[in-house]
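Observations on the three-dimensional arrangement
Letter by letter, the chains look like this.
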Amino acid sequence: IFLLMVIIWDMGSLLLQVGLLVVDDAGLINWAVSLIELGFAGSSVALYSLTTVTIGVHNHRFRAMTFASLLLIIFYRLFLITSTTPRIIVDIDNLSAYQLQPLFVPFYLLFGCATLFWLWQSRRKIRSSGLKAGIIIFLLGQSLIFVNPTLVVASFTTSTSFFGVLMVSVAIIQQEIM
């Protein structure tokens with residue numbers, strides 16, 4: 001589920017670049033930003049879930065609650081996609097005047113800080129240093145978006161996060177092989 005949410009985020013980033021640089025279509029840009037927000041929020045929850053499952057702080061109720069939370073996020077984001085007015089103003093000089101939704105930052109802080117807390121508390125349980133580094137790099141890449149929200153257009157923040165995802169994926173595959 002974590003990789004699925006990251007793929008949705010990546011597809012939104014790609015569509016945003018295409019919409020801004022090639023097509024110049026406001027509808028495509030709004031759709032892309034909605035996919036970015038859906039993937040961003042979903043990957044935050046999924047990374048928290050992945051971290052807690054990896055360290056062994058989970059049970060069947062927790063898994064059901066995590067899937068319910070992800071479904072709630074997906075339905076909420078789909079509701080916002082279909083019911084709101086466009087949030088992007090296309091401007092040739094500025095490329096984008098993007099504003100984060102009010103609950104976006106506290107939502108990220110809740111799951112990001114909780115992920116870091118569990119990672120720090122159980123740092124000895126996770127044998128792979130690549131997994132720990134990948135999680136930290138992913139969270140760092142996500143937090144760079146809050147420095148300047150117009151960085152959503154720039155690929156630096158997504159590239160940093162996707163490098164962390166690559167490290168997490170390689171570490172998980174390496175653990176499964178050994």
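Read on for an overview of the structure. None of these values were measured; they are calculated from a predicted model. (Residues numbered from 1 in each chain as written. Predicted model: local features only at pLDDT ≥ 70, side-chain atom pairs only at ≥ 80, totals over all residues. Heavy atoms only, no water.)

With that settled, the discussion passes to the nonpolar core. Formed by 26 residues in total, the largest nonpolar core has its most connected members in F2, W9, L16, I135 and F138. Among the secondary structure elements, those contributing two or more residues to this core are α1 (2-23), α2 (26-55), α4 (104-121), α5 (129-144) and α6 (155-177). Among the elements that take part in this core, α2 stands out by supplying eight residues, more than any other. Contact partners of I135, with chain neighbours within four places excluded, come to L47, T51, T115, L119 and V168. By size, the runner-up hydrophobic cluster in this structure holds eleven residues, among which are M5, A41, Y48 and L70. (Core = buried A, V, L, I, M, F, W, Y, C linked by side-chain atoms within 4.5 Å. Buried < 20%, exposed > 50% of the residue type's maximum accessible area, 1.4 Å probe, protein only. Helix = DSSP H or I, 4+ residues; strand = E, 2+ residues; numbered from the N terminus. Contact = heavy atoms within 4.5 Å.)

Right, let's talk about the environment of F107 for a bit. Along the chain, the position of F107 falls in helix α4. By relative accessible area, F107 is classed as partly exposed at 23%. Along the primary structure F107 and V45 are separated by 62 residues, whereas in three dimensions their C-alpha atoms are 9.4 Å apart. Ignoring anything within four residues of it in the chain, the contact list for F107 reads A41, V45 and I73.

To continue, consider a nonpolar patch on the surface. A surface patch of nonpolar side chains, amounting to about 480 Å² of accessible area, comprises L14, V18, L21, V22 and V23. By the secondary structure assignment, L14 is in helix α1. Using a relative accessible area of 57% as the deciding quantity, one classes L14 as exposed. (Patch = residues over 30% accessible without salt bridge, like charges linked within 9 Å, V, L, I, M, F, W, Y side chains within 5 Å. Areas by Shrake-Rupley, 256 points an atom, 1.4 Å probe, with all protein chains shown as cover. Salt bridge = Lys/Arg side-chain N within 4 Å of Asp/Glu carboxyl O.)

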